[in-house]
Amino acid sequence: DAGVTQSPTHLIKTRGQHVTLRCSPISGHKSVSWYQQVLGQGPQFIFQYYEKEERGRGNFPDRFSARQFPNYSSELNVNALLLGDSALYLCASSLAGAGGVNTEAFFGQGTRLTVV
Amino acid sequence: AQSVSQHNHHVILSEAASLELGCNYSYGGTVNLFWYVQYPGQHLQLLLKYFSGDPLVKGIKGFEAEFIKSKFSFNLRKPSVQWSDTAEYFCAVKGRGSSASKIIFGSGTRLSIRP
């Protein structure tokens, strides 16, 4: 069984550019969440989508946006990139959405974004 | 405020030593608790989880954790570590309310095992 897949694995962008990261959840999972992991820190929640609707948003600026498609895959978009956006971006999928009891999240390998 | 605190940033042990990594959380409400592990170059993997019931939970690779509700703690233990346990360990909490959508992670503990 394929796990959570993310693309690309690595990316280098210049300040001010825009980036799109992609995630395919585990088959049958309808919930996708995005996390940012800065070096030396734990992952920080950015968004959760369930059944193509946003169910949660973390404390990130409006430059960050996301969407979920009918096949439950998801994109994370970041506009006007800053040096501080350099991080590992993780996608997680789970069966249930917000408030789902006894659900666990499965993480992808992540996309390493470097902004120069 | 919702938060997870991991007391040790970097722990260095010799093989066969016993391990205990501390984790305390702050969250108003019923929670699910997790320990994730991130081996070098690999993705986050679930080590163990607590949803309800027996507060002593066993995970993969000989790890266990004990949920002490009165102390808001969920410490990770292993009686005898191996070199292959070298990794970053993250404690995490998730609420079980209808609006709880995010997992809150601690800052992680880097575990280095001397062969």
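Residues numbered from 1 in each chain as written. Chains lettered and ligands numbered in written order. Predicted model: local features only at pLDDT ≥ 70, side-chain atom pairs only at ≥ 80, totals over all residues. Heavy atoms only, no water.

Draft legend 1. Just the overall build of chain B, in detail. For chain B, the helix and strand inventory stands at 0 helices and 12 strands. Overall, chain B is about 45 × 30 × 20 Å in size when its C-alpha atoms are taken along their principal axes. Relative to its 115 residues, chain B shows a buried fraction of 49%. Carbon and sulfur atoms make up 51% of the accessible area of chain B, which amounts to about 5,400 Å² in all. On chain B, the mean spot of the 12 positive side-chain charges and the mean spot of the 7 negative ones are 8 Å from each other. (Helix = DSSP H or I, 4+ residues; strand = E, 2+ residues; numbered from the N terminus. Buried < 20%, exposed > 50% of the residue type's maximum accessible area, 1.4 Å probe, protein only. Areas by Shrake-Rupley, 256 points an atom, 1.4 Å probe, with all protein chains shown as cover. Lys, Arg positive; Asp, Glu negative; His and termini not counted. Charge placed at Lys NZ, Arg CZ, Asp CG, Glu CD.)

Draft legend 2. Quick peek at the sheet that holds strand S1 (residues 5-7) of chain A. Residue and element names in this part refer to chain A. Across the sheet, which stays open at both edges, the 4 strands sit in the order S1-S3-S8-S7 with antiparallel pairing between neighbours. Taken across any chain shown, the strands that pair with only one partner, and hence form the sheet edges, are S1 and strand S7 (64-68). Looking at each pair of strands side by side, their axes are set apart by 15° on average, direction ignored. Summarising the sheet, S7 and strand S8 (residues 74-78) pair through 5 bridges and their orientation is antiparallel. (Pairing = 2+ DSSP bridges. Axes fitted to C-alpha atoms, helices over the stretch in contact; angles between N-to-C directions.)

Draft legend 3. Region of interest: the nonpolar core. Counting 30 residues, the largest nonpolar core has Tyr25(B), Leu33(B), Trp35(B), Leu48(B), Phe74(B), Leu76(B) and Tyr89(B) as the members making the most contacts within it. Among residues more than four places away in sequence, those in contact with Leu33(B) are Tyr25(B), Leu48(B), Lys49(B), Tyr50(B), Phe67(B), Phe74(B), Ala92(B) and Val93(B). Val4(A), Val32(A), Phe47(A) and Phe60(A) belong to the second largest nonpolar core, which has 22 residues in total. (Core = buried A, V, L, I, M, F, W, Y, C linked by side-chain atoms within 4.5 Å. Contact = heavy atoms within 4.5 Å.)

Draft legend 4. View of the packing of aromatic side chains. Residue and element names in this part refer to chain B. On inspection of all chains with the given rule, the structure shows 15 aromatic pairs over all chains. Between Phe-34 and Tyr-36, the aromatic rings sit 6.0 Å apart at their centres with planes inclined by 40°, giving tilted as the arrangement. What makes Phe-34 buried here is its relative accessible area of 1%. (Phe/Tyr/Trp six-rings, centres within 6.5 Å; stacked < 30°, edge-to-face > 60°.)

Draft legend 5. Quick peek at unusual backbone geometry. In this chain, Ser7(A) is followed by Pro8(A) through a cis amide linkage whose omega measures -10°. Summarising the element assignment, Pro8(A) is placed in the loop between S1 and strand S2 (10-13). The phi angle at Lys61(B) is positive, at roughly 60°, despite the residue not being glycine. On the secondary structure map, Lys61(B) appears in the loop between strand S7 (56-58) and strand S8 (64-68).

Limitation: the analysis is restricted to geometry and does not speak to function.
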